[in-house]
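# Architecture and fold: a report
One letter stands for each residue in the lines below.
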Amino acid sequence: GELPAPGRPARGHLGCRAGCAGGGAEARPIRDAGVLGTRLAVGVLARVLKLSPIPLLSRLETGIRLQLLDERDVSYVFRHEIVREALEASVGSPRRALLHRNTARILITQPGVDPMLIAHHARLSGAQHLAAEALTTASRIAMDRFDYATAVSLANETITAANTTAARMQRATWLPRLPPYDD
């Protein structure tokens, strides 16, 4: 069946299914992809995992045959969130942190990537300085859109991530732009 019988743990079932992809090393990219999110851009995933794209595609196609993944546009997606969560749970914490850190570093180099996505991966990796840089960028974007409340909120998050003089100056610059409260 596609899912385990009621009462059987999904994690073990899905771990076996991913393991059946050709052994530990062959299945590792699918498990690692589960850590990074629902939608998988092959180019970014290849750089994160330090694999050539063509062999990675073969491994992801195995995920399709095992009914773990589907193709959507030019990327792959997990068929079910519970599948992704089970695969993520099968990856150790140090490896998850490293995968998120590598993803944040790679996304920084990609033009047009949402800085909140970079901050998400940086936070999950423990790389607070990367998270602060991305949050600062997101705060500036909000300010450019005249969304002062969001800009200040993101500046506050930046200070939480990395309490630097630059982060405090940014918040101090934008606080006066907030509209006064009506009493």
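Residues numbered from 1 in each chain as written. Predicted model: local features only at pLDDT ≥ 70, side-chain atom pairs only at ≥ 80, totals over all residues. Heavy atoms only, no water.

### Re the overall build of the chain
The helix and strand tally for the chain stands at 10 helices and 3 strands. Starting at the N terminus and ending at the C terminus, the chain contains elements arranged as α-α-β-α-α-β-β-α-α-α-α-α-α. Among the 183 residues that make up the chain, the fraction classed as buried is 42%. Restricting to contacts in the chain with at least 6 residues of sequence separation, those with at least 24 account for 52%. (Helix = DSSP H or I, 4+ residues; strand = E, 2+ residues; numbered from the N terminus. Buried < 20%, exposed > 50% of the residue type's maximum accessible area, 1.4 Å probe, protein only. Contact = heavy atoms within 4.5 Å.)

### Concerning unusual backbone geometry
Positive phi, close to 55°, is recorded for Lys-50, a residue that is not glycine. Positionally, Lys-50 belongs in the loop between α3 (42-49) and α4 (53-65). For Lys-50, a relative accessible area of 69% puts it in the exposed group.

### Some details on the nonpolar core
Most often, soluble globular proteins have nonpolar side chains that are buried together. If you look at the biggest cluster of nonpolar residues, it comprises 43 residues, and the most contacted ones within it are Leu-40, Leu-45, Val-48, Leu-56, Leu-60 and Phe-78. Top element by residues in this core is helix α8 (residues 128-144). It accounts for 8 residues. Phe-78 has contacts with Ile-30, Ala-33, Gly-34, Gly-37, Thr-38, Leu-40, Leu-68, Leu-69, Val-83, Arg-84 and Leu-87, leaving out every residue within four places of it along the chain. (Core = buried A, V, L, I, M, F, W, Y, C linked by side-chain atoms within 4.5 Å.)

### Here's the deal with the environment of Met-169
Mapping Met-169 onto the fold places it in helix α10 (residues 165-174). Residue Met-169 is classed as exposed on the basis of its relative accessible area, which comes to 52%.

### Some points on the packing of α8 against helix α9 (residues 148-161)
Between α8 and α9, the shortest axis-to-axis distance is 8 Å and the interhelical angle comes to 170°. Considered as vectors, α8 and α9 are oriented roughly antiparallel to each other. Note that α8 runs across α9; the crossing there is left-handed. Contacts between α8 and α9 pair Gln-128, Ala-131, Ala-132, Leu-135, Thr-136, Ala-138, Ser-139, Ala-142 and Met-143 from the former with Tyr-148, Thr-150, Ala-151, Leu-154, Ala-155, Glu-157, Thr-158 and Ala-161 from the latter. Of the residues in the contact of α8 with α9, the class split is 11 nonpolar, 5 polar and 1 charged. (Axes fitted to C-alpha atoms, helices over the stretch in contact; angles between N-to-C directions. Parallel < 35°, antiparallel > 145°, perpendicular 65-115°, else oblique. Left-handed = near helix turned anticlockwise from the far one by under 90°. Nonpolar A, V, L, I, M, F, W, Y, C, P; charged D, E, K, R; others polar.)

### Points about the pairing of strand β3 (residues 75-78)
Taking every second residue as pointing to the same face, both faces of β3 are buried, with Ser-75 and Val-77 on one and Tyr-76 and Phe-78 on the other. Pairing between strand β1 (residues 39-41) and β3: 3 bridges, direction antiparallel. Bridging from a neighbouring strand, Arg-39 pairs with Val-77 of β3. In this sheet, β3 lies alongside strand β2 (residues 69-72) in antiparallel orientation, the contact comprising 4 bridges. If you follow Glu-71 over to β3, its bridge partner there is Tyr-76. Linking two consecutive strands that pair antiparallel, namely β2 and β3, is a turn of 2 residues; a positive phi of about 55° is found at Asp-73 within it. (Pairing = 2+ DSSP bridges.)

### Topic: the packing of aromatic side chains
This model, assessed by the stated rule, comprises 1 aromatic pair. Both rings, one in Phe-146 and one in Tyr-148, keep their centres 6.3 Å apart while their planes meet at 85°; by these two values the pair is edge-to-face. (Phe/Tyr/Trp six-rings, centres within 6.5 Å; stacked < 30°, edge-to-face > 60°.)

Keep in mind that these numbers describe shape and distance, not what the molecule does.
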